[in-house]
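Observations on the model geometry
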Amino acid sequence: MNAAPLLPGATLGVMGGGQLGRMFVHAAQSLGYATAVLDPDTTSPAGLVAHHHVQAAYEDAAGLARLADVADAVTTEFENVPAGALRTLAARRPVAPAADAVAICQDRRAEKAHFERAGVPCAPYAVIDSPAALGAVDASLLPGILKTATLGYDGKGQARVADRNELAAAWERLGGVVCVLEKRLALQVELSLIVARGADGCMVSFPPQQNLHRDGILAVTQVPAPEVAPAWAADADRCARAIAESMAYVGVLCVEFFIVDDGAGGARLVANEMAPRPHNSGHYTIDACDQSQFDLQVRCLAGLPLVEPRLHSPAVMLNLLGDLWFSSAGGPPRTPPWAEVLSLPGAHLHLYGKTEARPGRKMGHLTFTAATPQAAREAALVACDLLGLTRF
Ligand code: ATP
Ligand code: MG
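If you tally the helices and strands in the protein, you get twelve helices and 17 strands. Taking the principal axes of its C-alpha atoms as reference, the protein extends roughly 60 × 50 × 45 Å. Looking at the protein residue by residue over its 392 residues, the buried ones come to 54%. In the protein, 31 positive and 39 negative side-chain charges are present, and the distance between their average locations comes to 1 Å.

Printed below as a string of structure tokens:
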């Protein structure tokens, strides 16, 4: 990274044109930067709002060259950007996070090895990369969750398995690709913690947020995390910082954690996975913090100073999936009742400009801020009723 910061007026680029890229573009533009997005889709959420849209495949050499022509520095909005593409860009422009860090986050084996290196516990696991490895699985890992080592998201590429027979069948169904088998843990709470680390090593972080998943997809995020005691919050913060520090990470990093039963009447904290970018569970920071996770991504990329972000309002975020655009599963399309939702106190509606709603597709999110956690929760519960979402 350059020692001198890139000041407003420069152009910041992002690999990927999804909603995370769009919110990065918004944050960069509000600071006065021009923006460039590389994404193959003509109507990508970020491409629609950026100054420059390089419409190309992620590994297209000409497309990468055009991005490097217009952008003074480049970040990424999803972890499956080919590391080679980031290395190509890095030969011409500062890139953060670096290809090596992104590569660790792309592969659950490398990710878990990195957690161990950083001294952060994760779920007991085994790598399944051959029939022999399958046969040698320790009985203590069952029942477990089989996860493809690469390319999984929103619960895709995963299977819950109770015994060896189910494990063998699931591995075959997943195509016999390299997987990790994790012991299925008794989760008490799911939380995540977002840190930002500058090229100078300075680190700042948000308080942990508590997450509720439904069908493998994030549904609700609450801050302050109602069931995370201060000691756990401090522990998660220490772990996330150790993970970032030990790979000399530059950028915004989100680490997902579980608080699990330790089998002896107590509890322990384990890391689940990490994302080398802003995270869905941090979208509330746009409305509830004095600096959002996207503001910090801009600062990291531009080499601007990082200052500790402050949560100024308790918040509840609801994810808005494409299912809401249909009156029933397989039923006719509808427009969700936005006017009613926006009549609720502290409602902040964010829609990503996606042209087509599909079940399970992330279309937007809705954050409620309030003076107290109870008030934010009450408004969010009314919104759930209006939208037909299950209460939390
Ligand atoms: P993401 O959309 O966050 O990238 P993903 O598809 O990569 O999700 P994970 O985060 O690994 O998947 O798992 C999805 C969910 O499954 C977790 O949030 C948690 O609810 C549950 N889960 C995952 N691993 C375990 C485990 N070892 N024990 C119990 N539950 C688990
Ligand atoms: Mg996850």
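Now, onward.
This part covers the packing of helix 4 (residues 99-106) against helix 5 (residues 108-117). Where helix 4 meets helix 5, the closest approach of the two axes is 5 Å, and the angle between their N-to-C directions is 105°. The angle between the axes of helix 4 and helix 5 places the two elements in the roughly perpendicular class. Counting all contacts with helix 4, which are made through Ile104, Cys105 and Gln106, the residues of helix 5 involved are Arg108, Ala110, Glu111, His114 and Arg117. For the contact of helix 4 with helix 5, a count of residues per class yields three nonpolar, two polar and three charged.

This part takes up helix 3 (residues 83-90). Looking at helix 3, one finds that the buried residues are Ala83, Ala85, Leu86 and Leu89. Seen along its axis, helix 3 keeps its buried residues to an arc of 160°; they face one direction. Buried residues in helix 3 make contact with strand 1 (11-15), helix 2 (61-70), strand 4 (73-76) and helix 4.

With parallel pairing, the four strands of this open sheet are ordered in space as 3-2-1-4. Two strands lie at the open edges of the sheet, namely strand 3 (52-54) and strand 4, each paired on one side alone. On average, each strand axis in the sheet is tilted by 25° relative to the strand beside it, whichever way the strands run. In the packing of helix 1 (residues 19-30) onto the sheet, contacts are made with strand 1, strand 2 (34-38) and strand 4, and the angle to strand 1 comes to roughly 175°. Sheet strands in contact with helix 2 are strand 1, strand 2, strand 3 and strand 4, and its direction is about 170° off that of strand 2.

Another point: the environment of Pro40. Structurally, the position occupied by Pro40 is in the loop between strand 2 and strand 3. Judged by its relative accessible area of 40%, Pro40 is partly exposed. Distance in space between the C-alpha atoms of Pro40 and Asp60 is 9.8 Å, their sequence separation being 20 residues. Contacts of Pro40, omitting those with residues within four sequence positions, involve Gln55, Ala56, Ala57 and Tyr58.

This part is about the domain arrangement of the protein. Examined at the domain level, the protein breaks down into domain 1 (11-95), domain 2 (124-183) and domain 3 (187-387). Between the C-alpha centres of domain 1 and domain 3 the distance comes to 23 Å. Contacts between domain 1 and domain 3 engage 21 residues on the former and 19 residues on the latter. It is Gln19, Leu20 and Met23 that lose the most area in domain 1 upon contact with domain 3, and together they represent 32% of the buried surface on that side. Where domain 1 packs against domain 3, one counts one salt bridge.

Here the magnesium ion (ligand 2) is held by the protein donor atoms Glu256 (OE), Glu256 (OE) and Glu273 (OE), which lie 2.0 to 2.6 Å from it. Of this pair, Glu256 sits in strand 13 (residues 251-261) while Glu273 sits in strand 14 (residues 267-275); the two residues are 17 residues apart in sequence, bridging distant segments of the chain. In this structure Glu256 comes out as buried when scored by relative accessible area, which is 12%.

This part is about the side chain of Ser281. Here Ser281 shows up in the loop between strand 14 and helix 9 (285-288). Among the polar contacts made by the side chain of Ser281, one reaches the side chain of Gln209 at a distance of 3.5 Å. Engagement of the side chain of Ser281 in a polar contact is seen with the side chain of His279, the distance being 2.7 Å. When near neighbours in sequence (up to four residues on either side) are disregarded, Ser281 contacts Ser192, Gln209, Asn211, Leu218, Thr221 and Cys254.

Let us now look at the site of ligand 1. Among the 20 residues in the neighbourhood of ligand 1, the closest are listed as Lys147, Asp154, Gly155, Gln158 and Glu190. Arg108 has a polar side-chain atom sitting 2.9 Å from an oxygen atom of ligand 1. Every element with two or more residues in the shell around ligand 1 is listed here: strand 6 (144-148), strand 7 (158-161), strand 8 (179-183), strand 9 (187-197), strand 13 and strand 14. When the residues that make up the shell around ligand 1 are grouped by side-chain class, the tally is five nonpolar, four polar and eleven charged. Counting contributing residues, the shell around ligand 1 receives three or more from each of domain 2 (124-183) and domain 3 (187-387).

Before going further, it helps to spend a moment on the environment of Ala347. Looking at the secondary structure, you find Ala347 in strand 16 (residues 347-351). Taking C-alpha positions, Ala347 is 5.9 Å from Thr367, a pair spaced 20 residues apart along the chain.

Let us look at the sheet that holds strand 5 (residues 125-128). Pairing is antiparallel in the open sheet, where four strands are placed in the order 5-8-6-7. The sheet is open, and its two edges are formed by strand 5 and strand 7, each paired on a single side. Averaged over all adjacent pairs, the angle separating strand axes in this sheet is 20°, with direction ignored. Relative to strand 8, strand 5 is paired through four bridges, and the arrangement is antiparallel. Bridge pairing links Ala126 to Leu181 in strand 8.

Counting buried residues along helix 10 (residues 293-302), eight of its ten residues qualify, which places the element largely inside the surrounding structure. If you check which residues of helix 10 are buried, you get Gln293, Phe294, Leu296, Gln297, Val298, Cys300, Leu301 and Ala302.

Here is what the cut-offs are and how they apply
Residue positions within a chain follow its written sequence, with the count starting from 1. As a convention, the first chain written is A and the first ligand written is 1, with the rest following in written order. With pLDDT at 70 or above as the cut-off, local features in this predicted model cover only qualifying residues; side-chain atom pairs require 80 or more to be listed or tallied, and sums for whole chains, interfaces and linings still use all residues. Only heavy atoms go into the side-chain values, all of them from the structure, while hydrogens and water stay out. Runs of H or I in DSSP of at least four residues are treated as helices and runs of E of at least two as strands, each being numbered from the N terminus. Each residue gets one of three labels from its accessible area relative to the maximum for its type: buried under 20%, exposed over 50%, partly exposed in between, using a 1.4 Å probe on protein chains only. Charged-residue counts in this description rest on Lys and Arg as positive and Asp and Glu as negative, His and the chain ends being excluded. All charge positions are set by atom: Lys at NZ, Arg at CZ, Asp at CG, Glu at CD. An axis is simply a line fitted to the C-alpha atoms; with a helix, the fit covers only the stretch in contact. Between two such axes, the angle follows the N-to-C directions and lies from 0 to 180 degrees. Roughly parallel means an angle under 35 degrees; roughly antiparallel, over 145; roughly perpendicular, 65 to 115; everything else is oblique. The contact rule is simple, with two residues in contact once any of their heavy atoms fall within 4.5 Å. Classes in brief: Ala, Val, Leu, Ile, Met, Phe, Trp, Tyr, Cys and Pro nonpolar; Asp, Glu, Lys and Arg charged; the others, Gly included, polar. Here the arc refers to the directions that run from the helix axis out to each C-beta atom. Pairs of strands are assigned from DSSP output, requiring at least two bridges between the strands. The domain limits used here are those given by an automatic or database domain assignment. Two parts placed together each lose some accessible area under a 1.4 Å probe, and adding up what both lose gives the buried area. Salt bridges, as used here, are contacts in which a Lys or Arg side-chain nitrogen is within 4 Å of a carboxyl oxygen on Asp or Glu. Note: metal donors comprise N, O and S atoms at 2.8 Å or less from the metal (3.2 Å for Na, K and Ca); water molecules are not included, so apparent gaps in a site are possible. Polar contacts, as used here, are pairs of N or O atoms within 3.5 Å; protein pairs need one atom able to donate a hydrogen and one able to accept it. Residues neighboring in sequence count only if both atoms are side-chain atoms. Near, as used in this document, describes a residue that has one of its heavy atoms within 4 Å of the molecule or strand being considered.

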